[in-house]
Amino acid sequence: EQAIMIASNEISQYQDKKIHTHNPATTVFRLVSLLKGKDKEFNKQNTGPYIINVDSHVNSINVNAIPDVNSATVTGDGNIKLTTGKNLISVNVVSESGELRTYSIIVNKAADTDSTLKDILLSDGDLDPEFDPAILDYEVVVPEEVENITVTGITNSSNATIKGNGSYDIVEKETIIPLTVTAEDGNVTIYNVKVIRNIETSSKLKNLIVKNGELYP
């Protein structure tokens, strides 16, 4: 029987699923279908579309199409790279007589929801508290002579974007620097770094010098 085998990089985690069939290729297809919430076993009379939903971290899927007859030609299978959203895979089977049949597979890749940072780097000072992705507000104390600071947030996900990284002049005693992280799906998280410049203030004289005389007491 003709069959389409589909395997993702997660399949090895689910080998203990008990799916009974005489055709190993069908087993693989049905296994992945069950993983993605679509219990639809391959039928060579049904050209699809076969629908599979995958998580955002799945970047490719392997499609291995086995023709009913060895003399038939198959194109469109192999390792297919996925983009976020709907991915249409068309597997074409051409018989020796020239008859064409196209099987369709739709792979829906979820958008990445991660809008967190994995670290915040500073050119001067230390974060207080220590960095934790779940903590959004931080302080850093720098000496009075520090007039500029560079703040760099590192995103957890390569699909996320960040605004706020860069170099900042520290003019005031306190400067708040927001780091805005936007996930692929639009989810936003804002981290705030408050830079405190340790400016010494006093109304006392450091010294007093008087010429031609002495100070008393």
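(A) Up close: the confidence of the model for the chain. On average, residues of the chain score 78 in pLDDT, and 73% of them are at 70 or above. Note on residues 1–39: pLDDT under 50 across the span, and 85 contacts to partners over four residues away in sequence or across chains.

(B) Here's a closer look at the sheet that holds strand 14 (residues 188–198). Ordered by their spatial adjacency, four strands build an open sheet running 9-14-13-11, and the pairing between neighbours is mixed. Both outer strands of the open sheet, strand 9 (137–143) and strand 11 (161–163), are each paired with one neighbouring strand and no more. Adjacent strand axes in the sheet meet at a mean angle of 20° when their direction is disregarded.

(C) Here's a closer look at the pattern of salt bridges. Enumeration over the complete set of coordinates arrives at three salt bridges. Residues Glu139 and Lys194 are paired through a salt bridge, measuring 3.9 Å at the closest nitrogen-oxygen approach. Of this pair, Glu139 sits in strand 9 while Lys194 sits in strand 14, and the two are 55 residues apart along the sequence. In this structure, the salt-bridge partner of Arg197 is Glu147, at a minimum N-O distance of 3.9 Å. Of this pair, Arg197 sits in strand 14 while Glu147 sits in the loop between strand 9 and strand 10 (148–155), placing them 50 residues apart in sequence. Through salt bridges with shared partners, a single network forms among Glu139, Glu174 and Lys194.

(D) Spotlight on the packing of aromatic side chains. The full count for this structure, using the stated rule, is two aromatic pairs. Relative to Tyr191, the ring of Phe131 has its centre 6.2 Å away and its plane inclined at 35°; by these criteria the two rings are tilted. Placement of Phe131 in the loop between strand 8 (117–122) and strand 9 and of Tyr191 in strand 14 is noted, with a sequence separation of 60 residues between them. Summarising the burial analysis for this pair, Phe131 and Tyr191 share the class buried. Taken together, the ring pairs in this structure connect Phe131, Tyr138 and Tyr191 into an aromatic cluster.

The rules behind these values
Residues numbered from 1 in each chain as written. Predicted model: local features only at pLDDT ≥ 70, side-chain atom pairs only at ≥ 80, totals over all residues. Heavy atoms only, no water. pLDDT = per-residue confidence, 0-100. Contact = heavy atoms within 4.5 Å. Pairing = 2+ DSSP bridges. Helix = DSSP H or I, 4+ residues; strand = E, 2+ residues; numbered from the N terminus. Axes fitted to C-alpha atoms, helices over the stretch in contact; angles between N-to-C directions. Salt bridge = Lys/Arg side-chain N within 4 Å of Asp/Glu carboxyl O. Phe/Tyr/Trp six-rings, centres within 6.5 Å; stacked < 30°, edge-to-face > 60°. Buried < 20%, exposed > 50% of the residue type's maximum accessible area, 1.4 Å probe, protein only.

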